[in-house]
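Descriptive analysis of the structure
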Amino acid sequence: QVQLVESGGDLVQPGGSLRLSCAASGMFFVINDMGWYRQAPGNQRDLVATINRGGSTNYADSAKGRFTISRDNTKNTVFLEMNSLKPEDTAVYYCNAKVALPTAPRSQGNYWGHGTQVTVSS
């Protein structure tokens, strides 16, 4: 019912910046929560940042002060501004959206994008 398409992943040097985007499309009543998660080889998928429809944000400790999550509700898009990138930030970054389903507005659907690779290296 919902498709998430990420973009913006790239190879950057330590200390550099990237801006990830994720656009949602499909059948949903409203997008409640959106977020970014990341997974490096051999690691679990960890939360990076989330944002609800009202703009309230939540960040992993590793992201606080360096990353900023935002969203454009008119375009059903979430962004992740990443600054002061470190090699430890290297991972596949996945977009997540929790939506109210059109056939059952109080029921949430949980959807994931396919991921975009972020590599931080000299």
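Anything mentioned here points back to the structure above.
A few points on the structure. Each chain carries its own residue numbering, running from 1 in the direction its sequence is written. The model is predicted, so local features are restricted to residues of pLDDT at least 70 and side-chain atom pairs to those at 80 or more, both for listing and for counting; the totals for chains, interfaces and linings are taken over all residues. In computing side-chain properties, one takes all heavy atoms of the structure into account and sets aside hydrogens as well as water.

What follows covers the pairing of strand β9 (residues 91-101). Burial within β9 is extensive, with 10 of its 11 residues counted as buried. Between any two strands, at least two bridges found by DSSP are needed for them to pair. The way it works is that DSSP assigns letters per residue, a run of H or I at least four long becomes a helix, a run of E at least two long becomes a strand, and they are numbered from the N terminus. With nine bridges connecting them, strand β4 (residues 30-39) and β9 associate as antiparallel partners. Its bridge partner being in β9, Gln39 is matched across the sheet by Val92. Accessibility here uses a 1.4 Å probe with only protein chains present; expressed as a share of the type maximum, an area under 20% marks a residue as buried, one over 50% as exposed, and anything in between as partly exposed.

As a further point, take the pattern of salt bridges. Any carboxyl oxygen of Asp or Glu within 4 Å of a side-chain nitrogen of Lys or Arg constitutes a salt bridge here. Summed over all chains, the structure comprises three salt bridges. In this structure, Glu81 and Arg19 form a salt bridge, with 2.6 Å as the shortest nitrogen-oxygen distance. Of this pair, Glu81 sits in strand β8 (residues 77-82) while Arg19 sits in strand β3 (residues 18-26), and the two are 62 residues apart along the sequence. A salt bridge links Arg38 to Asp89; the nearest nitrogen and oxygen atoms lie 2.9 Å apart. Of the two residues, Arg38 is situated in strand β4 and Asp89 in the loop between β8 and β9; the sequence distance between them amounts to 51 residues. Judged by relative accessible area, Asp89 falls into the buried class, the value being 1%. Each of the salt bridges in this network shares a partner with another, and the network as a whole consists of Arg38, Arg66 and Asp89.

A few words on the environment of Thr57. In this structure, Thr57 sits in strand β6 (residues 57-59). Under the relative-accessibility criterion, Thr57 is labelled partly exposed at 36%. Contacts are residue-level and defined by heavy atoms, with any inter-residue pair within 4.5 Å sufficient. Setting aside anything within four residues of it in sequence, one finds Thr57 in contact with Thr50, Ile51 and Ile69.

Before going further, it helps to examine the environment of Phe28. Here Phe28 is to be found in the loop between β3 and β4. Spatially, the C-alpha atom of Phe28 lies 9.5 Å from that of Ala104, the residues being 76 residues apart in sequence. Setting aside its immediate chain neighbours within four residues, Phe28 contacts Val2, Asn76, Val99, Ala100 and Pro102.

The nonpolar side chains of soluble globular proteins are, as a tendency, buried together. With 31 residues, the main nonpolar core has Trp36, Leu80, Met82 and Tyr93 as its most contacted residues. Counting residues per element, the ones that place at least two in this core are β1 (2-7), β3, β4, β5 (46-52), β7 (67-72), β8, β9 and β11 (116-120). Ranked by residues supplied to this core, first place goes to β9 with six residues. In this view, Leu80 contacts Leu18, Arg19, Leu20, Trp36, Val48, Ala49, Phe67, Thr68, Ile69 and Tyr93; residues no more than four positions away in its chain are not counted. Buried Ala, Val, Leu, Ile, Met, Phe, Trp, Tyr and Cys residues that are joined via side-chain atoms within 4.5 Å together make up what is termed a nonpolar core.

The strand order β1-β3-β8-β7 describes an open sheet built from four strands, whose pairing is antiparallel. Sheet topology places β1 and β7 at the edges, where each strand pairs with a single neighbour. Between one strand axis and the next, the sheet turns by 15° as a mean value, whatever way the strands run. Bridge count for β7 against β8 is six bridges, and the pairing is antiparallel. Following the sheet pairing, Thr68 is matched in β8 by Glu81. Convention adopted: a line fitted to C-alpha atoms gives each axis, helices being fitted over their contacting stretch, and angles between N-to-C directions are expressed from 0 to 180 degrees.

Function cannot be inferred from these measures alone, as they are strictly geometric.
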